[in-house]
Amino acid sequence: MEHGRRSERYVRNADCATIQIQTRWSIRISSLLLAFGLGLAVIPESASAVAQEQPVTSACEAQSVGGPLFITENCNDPELSKPYVDERKPGTLTDEASGVSVSFTYVHGGFSGTKARFSFYFPTAEKYKGRFFQTTYPTIGVEDAAPGCPEIGTSTCSVVFALSSGAYVVSTNNAGGVPAGGPLAAYRTNAAAAKYSRLIALEMYKTSTRPRGYIYGASGGAYQTVGSMENTSGVWDGAVPMVFGVPNAIPNFMASQLLALRVLRDKLPQIADAVAPGGSGDRFAGLSAEQRDTLKEVTRLGFPLSGWWQYATLNGGGFWAVEGAVRAIDPSYMEDFWSKPGYEGSEPSVQAARVRQDTTVKNVGEGNELVLGVEPSKDLLNGDLMIKDGPKAGQSVVITGIEGSKVKVVSASGITAGTAVRLDNSWAIALQYYSRHQVPATHQYGWDQYVQKDGAPLYPQRSVIIGPMLNASSAGSVASGRFHGKMIMAESVLDVSAYPWSADWYRQQAQAALGDLSGSFRLWYMDNADHGPDIAGMSAGVAFEHSAHVADHIVSYLGEVQQALLDLDAWVAKGIPPAESTNYRIDADDQVQLAPAAELRGGIQPVVTLGVGRTADASSHPTALVKKGTDITFWAKAQTPPSAGKIVKVEWDMEGDGHFTAQPVSIGHESAFKEVHRFVRPGTYFPVVRVTAQRDGDANTPFGLVQNLASMRVTVR
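None of the values given here were measured: they were computed from a predicted structure. (Residues numbered from 1 in each chain as written. Predicted model: local features only at pLDDT ≥ 70, side-chain atom pairs only at ≥ 80, totals over all residues. Heavy atoms only, no water.)

1. Some thoughts on the pattern of salt bridges
Summed over all chains, the structure comprises 28 salt bridges. Its salt-bridge partner being E87, residue K89 comes within 3.1 Å of it at the nearest N-O pair. Residue classification places E87 among the partly exposed positions, given a relative accessible area of 29%. For the salt bridge of R422 with D358, the shortest nitrogen-to-oxygen distance reads 2.9 Å. With R422 in strand 19 (residues 420–424) and D358 in strand 14 (residues 356–364), this pair connects stretches of sequence that are 64 residues apart. Judged by its relative accessible area of 30%, R422 falls in the partly exposed class. (Salt bridge = Lys/Arg side-chain N within 4 Å of Asp/Glu carboxyl O. Buried < 20%, exposed > 50% of the residue type's maximum accessible area, 1.4 Å probe, protein only. Helix = DSSP H or I, 4+ residues; strand = E, 2+ residues; numbered from the N terminus.)

2. What about empty space enclosed by the protein?
Its volume calculated, the second largest cavity comes out at about 60 Å³. Around the second largest cavity, the lining comprises ten residues; the ones closest to its centre are C75, D77, L80, A192 and K195. Counting residues per element, the ones that place at least two in the lining of the second largest cavity are strand 5 (75–76) and helix 3 (188–205). Here the lining of the second largest cavity is built from residues that sort into five nonpolar, two polar and three charged. (1 Å grid on protein atoms, 1.4 Å probe; cavity = no way out; pocket = protein on both sides within 12 Å on 5 of 7 lines; lining within 4 Å. Points joined across faces, edges and corners; volume = space filled by probe spheres on them. Nonpolar A, V, L, I, M, F, W, Y, C, P; charged D, E, K, R; others polar.)

3. Here's the deal with the sheet that holds strand 12 (residues 232–233)
The strand order across the open sheet built from three strands is 3-4-12, with neighbouring strands paired in mixed fashion. In the strand order of this sheet, the two ends are held by strand 3 (61–62) and strand 12, each with one partner. The sheet contacts of helix 3 involve strand 4 (69–72) and strand 12, and relative to strand 4 the element is tilted by about 15 degrees. (Pairing = 2+ DSSP bridges. Contact = heavy atoms within 4.5 Å. Axes fitted to C-alpha atoms, helices over the stretch in contact; angles between N-to-C directions.)

4. Focus: the packing of helix 8 (residues 319–329) against helix 12 (residues 466–475)
It is at 11 Å that the axes of helix 8 and helix 12 come closest, and there the two elements cross at 120 degrees. Two packed elements cross with a definite hand, and for helix 8 against helix 12 that hand is right-handed. On the side of helix 8, the interface is formed by V322, A325, V326 and I329, while helix 12 contributes I466, M469 and L470. Here the contact of helix 8 with helix 12 is composed, by residue class, of seven nonpolar, no polar and no charged. (Left-handed = near helix turned anticlockwise from the far one by under 90°.)

5. Here we look at the side chain of R88
Along the chain, R88 falls in strand 6 (residues 83–94). A residue is classified by how much of its surface remains accessible, and R88, at 12% relative accessible area, is buried. There is a polar contact of 3.5 Å between the side chain of R88 and the side chain of E203. (Polar contact = N/O pair within 3.5 Å; in protein donor to acceptor, adjacent residues only side chain to side chain.)

6. Notes on the nonpolar core
Ranked by size, the top nonpolar core spans 110 residues in total, and within it W308 and Y506 carry the most contacts. A total of ten residues in this core trace back to one element, the largest contributor, which is helix 5 (residues 249–263). Those residues in contact with W308, other than ones at most four positions away along the chain, are A260, L261, L268, I271, A272, L295, F303 and L314. Core analysis: the next-biggest nonpolar cluster, separate from the first, contains 39 residues, F104, V169, A529 and V555 among them. (Core = buried A, V, L, I, M, F, W, Y, C linked by side-chain atoms within 4.5 Å.)

7. Digging into the pairing of strand 9 (residues 131–135)
For strand 9, a buried count of five out of five residues is recorded, marking the element as mostly surrounded by other parts of the structure. Across the two faces of strand 9 the burial is the same, with R131, F133 and T135 and F132 and Q134 all buried. Note: strand 9 against strand 10 (residues 167–172), three bridges, orientation parallel. Looking at the pairing, F132 lines up with Y168 of strand 10. In this structure, strand 9 lies alongside strand 11 (residues 212–218), joined through five bridges in parallel fashion. Its bridge partner lying in strand 11, R131 is registered against R212.

8. A word on the confidence of the model for the protein chain
Averaged over all residues, the pLDDT of the protein chain equals 89, while 90% of them reach at least 70. Residue range residues 538–543 is modelled with pLDDT below 50. Its contacts to residues more than four positions away, or to other chains, number seven contacts. (pLDDT = per-residue confidence, 0-100.)

9. Thoughts on the state of the cysteines
Taken as a whole, this structure holds one disulfide when the rule is applied. With its sulfur 1.9 Å from that of its partner, C60 forms a disulfide with C75. What sets the handedness of the C60 and C75 disulfide is the S-S torsion sign, and at about 95 degrees it is right-handed. With a gap of 15 residues between them, C60 in the loop between strand 2 (58–59) and strand 3 and C75 in strand 5 connect regions that are remote in the sequence. Accessibility expressed as a relative area gives 6% for C60, which makes it buried. (Disulfide = S-S within 2.5 Å.)

10. Description of the environment of Y84
Its location among the elements puts Y84 in strand 6. Relative accessible area serves as the criterion here: at 8%, Y84 is assigned to the buried category. Remark: the alpha-carbon pair of Y84 and R117, spanning 33 residues in sequence, is separated by 9.4 Å. Reaching out from Y84, the side chain makes a polar contact with the side chain of R117 at a distance of 3.4 Å.

11. Remarks on the packing of aromatic side chains
Applying the stated criterion to the full structure yields 35 aromatic pairs. Seen in terms of ring centroids, Y506 and F521 are 6.4 Å apart; in terms of plane orientation they differ by 45 degrees. Their pairing is tilted. One end of the pair, Y506, is in helix 13 (residues 501–514); the other, F521, is in strand 21 (residues 521–526), with 15 residues separating them in the sequence. Each member of the pair, Y506 as well as F521, carries the same accessibility label: buried. (Phe/Tyr/Trp six-rings, centres within 6.5 Å; stacked < 30°, edge-to-face > 60°.)

12. Points about the packing of helix 5 against helix 8
Where helix 5 contacts helix 8, the axes come no closer than 10 Å and their chain directions differ by 125 degrees. When the axes of helix 5 and helix 8 are compared, the pair comes out oblique. Of the two possible hands of crossing, helix 5 and helix 8 adopt the one that is left-handed. Residues I250, P251, M254, A255 and L258 of helix 5 touch helix 8, and the partners they reach there are F319, V322 and V326. The residue inventory of the contact of helix 5 with helix 8, partitioned by class, reads eight nonpolar, no polar and no charged. (Parallel < 35°, antiparallel > 145°, perpendicular 65-115°, else oblique.)

13. Side note on the sheet that holds strand 24 (residues 607–612)
Strand order in the open sheet made by the three strands is 24-26-29, with antiparallel pairing throughout. Each edge of the open sheet is held by one strand with a lone partner, namely strand 24 and strand 29 (670–678). When the angles between neighbouring strand axes are averaged without regard to direction, this sheet yields 20 degrees. Here six bridges tie strand 24 to strand 26 (residues 631–639), and the two strands are oriented antiparallel to one another. Among the inter-strand pairings, G611 is bridged to a residue of strand 26, identified as W635.

What follows is the structure in structure tokens.
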């Protein structure tokens with residue numbers, strides 16, 4: 001199997017201006033990047049803030065005129081040169097999921113003259129191993145750890161993992177978060193805190209050895225993590241960006257998902273069934289020409305086909321927040337879409353989807369829920385509810401949910417029973433086609449379908465390409481591949497928000513910029529993982545909210561990230577290279593295809609197969625036809641890639657209802673597992689086996705647990 005992809009069909013001249021727009025636009029971009037986180041030494045006796053000067057060095061400078069400030073270990077950020085500590089105390093935290101408790105020294109402070117704040121969590125001296133971990137997410141404006149998981153910013157579970165691993169934690173508020181923090185929010189606050197933490201650590205642990213440091217983050221945090229490694233040198237020794245998206249991902253990946261949800265709405269159940277285990281494989285069966293073209297388009301842009309299992313709860317993620325940026329930066333797009341030649345607004349099927357309807361609010365419920373006088377069309381999702389009278393007359397709010405005559409809006413403030421409103425999805429429909437009019441200046445091959453062989457766009461192009469602006473607003477600059485230090489990129493094959501080919505794109509940029517990557521870069525793909533880092537987060541509303549039986553489709557990638565951080569440190573401190581990059585290929589539809597066998601696939605995730613039969617060889621058959629009331633023998637085979645760890649846990653959900661039962665296992669690198677089950681009712685079932693591996697074969701640790709699963713189709717008669 002190969003890492004690369006088919007040859008590039010076009011390359012346009014890069015517009016260098018897009019790399020330098022973050023300052024100009026950061027003020028205009030509102031909350032939008034979702035997607036889609038003592039007593040060992042003497043300190044000032046007073047609780048008030050006391051400035052502590054860093055060693056005198058030269059001021060940090062930009063590497064190009066108008067470019068972002070480049071931070072090194074030995075230069076001072078001129079706006080963050082006066083750190084202070086205003087609190088230091090002992091503390092404890094318990095991760096409820098694992099039950100692990102940790103004790104630490106908490107140090108809080110900031111940088112004089114700014115809104116930048118930091119929190120450090122230091123383990124006891126006997127546990128300290130000379131390193132720190134720092135996680136980040138652009139819109140999080142709080143420096144202290146949030147309770148629980150998922151790990152989209154500093155959380156209780158990230159602190160517990162770090163301290164249990166002998167690392168202290170660096171956490172910041174990104175100077176108030178993007179966009180409020182301006183240029184300091186992208187990477188500069190994180191960098192200044194990381195550098196200052198080393199001074200505190202040297203004092204606290206009475207050592208002269210420089211602490212090694214690693215930054216990591218998911219989604220928008222991956223933008224920040226990559227930007228941090230590209231715009232600094234010597235601040236962090238390594239990084240783990242997770243579920244990274246190409247610079248043009250936002251808003252286009254979200255918008256394309258919404259296009260598919262609207263056009264394919266009635267066909268999504270059969271599409272999901274066709275691509276599910278044991279399905280027909282014919283995803284186009286019974287589709288109209290428009291539906292076929294839409295499915296082809298969204299697939300080629302990168303939406304993973306197997307990700308349609310959750311079609312019933314997909315809603316474009318945080319698109320309702322992102323679309324505000326588009327309207328601010330490209331305000332004439334909607335009118336052009338509906339009135340100018342070359343745009344889709346003139347097509348009859350698109351015109352038929354446009355809704356402009358007057359009604360009144362009958363009742364205002366809890367949670368920004370409104371009961372309307374009409375039952376709105378499903379096509380109004382992410383459309384506008386325009387207020388026609390009352391104190392908010394002339395304003396509008398975005399519709400984020402529709403159920404019968406009830407709609408949820410971003411804010412119901414100022415709306416009362418009897419308020420006259422207009423429902424209008426003119427912007428929402430227009431933006432579903434936005435990716436066609438946003439061919440990026442730098443080649444990002446999901447957009448190949450929108451250009452002719454000579455590189456000329458097939459559709460009218462807007463005067464501004466928004467994706468790189470949002471990338472730069474979060475990261476400080478547009479991702480280029482020229483990073484410093486070492487990097488393990490963790491990407492999910494079933495990511496419906498940051499399409500999986502994005503990581504391959506970044507690998508190509510890094511290879512073009514740096515040459516041989518064997519000593520500095522790894523790309524680990526996780527099969528059956530999605531955008532959310534931990535499926536436990538669904539109850540918190542982060543990823544998979546309201547999706548049924550999530551655990552039958554998706555595994556967490558937190559264990560992979562934890563192992564990646566430890567492997568990075570072994571690479572930096574001891575020269576021990578981590579597991580090789582995953583072997584994969586990008587097919588003609590821009591779908592990521594993994595090598596089928598563990599010894600070929602690489603990475604650190606176990607490979608699992610499942611089937612029915614008398615011997616373990618049956619595990620390669622994805623379908624079975626059985627009689628009710630008879631005992632059926634299921635076989636699962638699992639294997640870990642070289643040096644990836646040992647299998648420590650096997651769990652079965654025989655009827656696909658989300659309830660798993662663990663099976664005793666003999667810890668090892670490769671095993672076959674048998675389970676006998678009897679189906680008592682006719683129907684179609686999707687049994688699932690979930691396998692967990694751990695680097696050291698430790699079945700009792702909550703850390704570094706890397707999972708995969710396999711499912712099959714059983715028809716019971």
